[in-house]
Amino acid sequence: MRIRATVAAVTGALALSAVAAPVATAAEPKVPANVAAALDAASDDTSAFATAASYVLDASFSNVKVNGGKDITVGTTATVKVPVSFTLTHGADVDIHAADFVAAVQLYRGASFGDSVSDFTSTDATCTDSSATVASCKATVAIDPFYLFNDDAASWKAAAFAVAYNGEDPDEPEDPDNIGVVVKDPTNSFRFLRQSQLTVDAAPEPVKKGKTITVKGNLTHANWDNSRYVGIGNQSVVLQFRKKGTTNYTNVKGIKTRTQGKLVTTVKASLDGYYRFQFKGTPSTAPVTVAGDFVDVK
């Protein structure tokens, strides 16, 4: 997968000196410790370059759900905990509660599981038996925006995998043939979205009936390349109004953001109420609606 360099990339002629000199390290999303070896085993098992032998584990995945079926929205700093769940059906001789049995889900962008550009892997799933051979399982995927780039705002997939070590050392197995692996790829598709933010300010407050109200705002979204929010120009936004004492907003007019996401429009004052902006989002940016700003009309 692609990784984010923490110091610098070594290219061209500098690469020739890398043999003799220390090189900058790079960071990639951390895989939960008890899942890392299983991920390697499952990835190797699906790779054309597999070197370790294993047998096909008598288990299968169904009803895989990622984030409740919703797209995943990520900002610039906060880690997003994404819930995943699935049904695991297995042979009677497969001990899914063994200390060295691992079942997890990987979210990835790329050609396939084991051949991804970007990916995040869940914790080892906690499974509750529904019967002797069926279990309901849950896990969590931690999405740290530090490891995202703007081109990750795209379509992603999920793959589910399970590994039974059957007493073998995960790092140095004596008999790789004794390790069981099963992978289902893909299980789901969804999008990673850049979180958006929206502001509104309606003025003057109060205002005389019939006078002009100027409504301003700003639309920004997460820039994963530099961990900042930046304005989005030329985007369609709707100005909405809610009369005081009511609960529903109605559309007033549609406008477009200016350079750096700025919004400016005017309306005539008629009733006390709340003005707000609503942005329906794009294939790469999440929708957002700002809380209404109250205007007292005299």
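No experiment lies behind these values; they were computed from the predicted model shown.

(A) Focus on the confidence of the model for the chain. In the predicted model, the chain carries a mean pLDDT of 89, and 87% of its residues have values of at least 70. Counted against residues more than four places away or in other chains, residues 5–26, with its pLDDT under 50, gives 14 contacts. Per-residue pLDDT stays below 50 along residues 47–51; that stretch engages in one contact with residues further than four places along the chain or on separate chains.

(B) Structural view of the pairing of strand β7 (residues 101–112). With nine of its 12 residues buried, β7 lies for the most part within the structure. Pairing of β7 with strand β11 (residues 155–164), which is carried by eight bridges, proceeds in the antiparallel orientation. Looking at the pairing, Gln106 lines up with Ala159 of β11. Pairing analysis gives six bridges linking β7 to strand β8 (residues 115–121), with the strands arranged antiparallel.

(C) Fine view of the state of the cysteines. Counted by the stated rule, this structure contains one disulfide. The side chain of Cys127 participates in a disulfide bridge whose partner is Cys137; the two sulfur atoms lie 2.1 Å from each other. Across the S-S bond of Cys127 and Cys137 the torsion is about 110°, and the bridge reads as right-handed. Here the residue Cys127 occupies a position in strand β9 (residues 126–129), and Cys137 occupies one in strand β10 (residues 134–143), the gap between them amounting to 10 residues. Both residues of the pair, Cys127 and Cys137, count as buried.

(D) Spatial organisation of the environment of Thr126. Its location among the elements puts Thr126 in strand β9. Spatially, the C-alpha atom of Thr126 lies 9.9 Å from that of Thr140, the residues being 14 residues apart in sequence. Not counting chain neighbours up to four residues away, the residues in contact with Thr126 comprise Ser136, Cys137 and Lys138.

Rules of the game
- Residues numbered from 1 in each chain as written.
- Predicted model: local features only at pLDDT ≥ 70, side-chain atom pairs only at ≥ 80, totals over all residues.
- Heavy atoms only, no water.
- pLDDT = per-residue confidence, 0-100.
- Contact = heavy atoms within 4.5 Å.
- Buried < 20%, exposed > 50% of the residue type's maximum accessible area, 1.4 Å probe, protein only.
- Helix = DSSP H or I, 4+ residues; strand = E, 2+ residues; numbered from the N terminus.
- Pairing = 2+ DSSP bridges.
- Disulfide = S-S within 2.5 Å.

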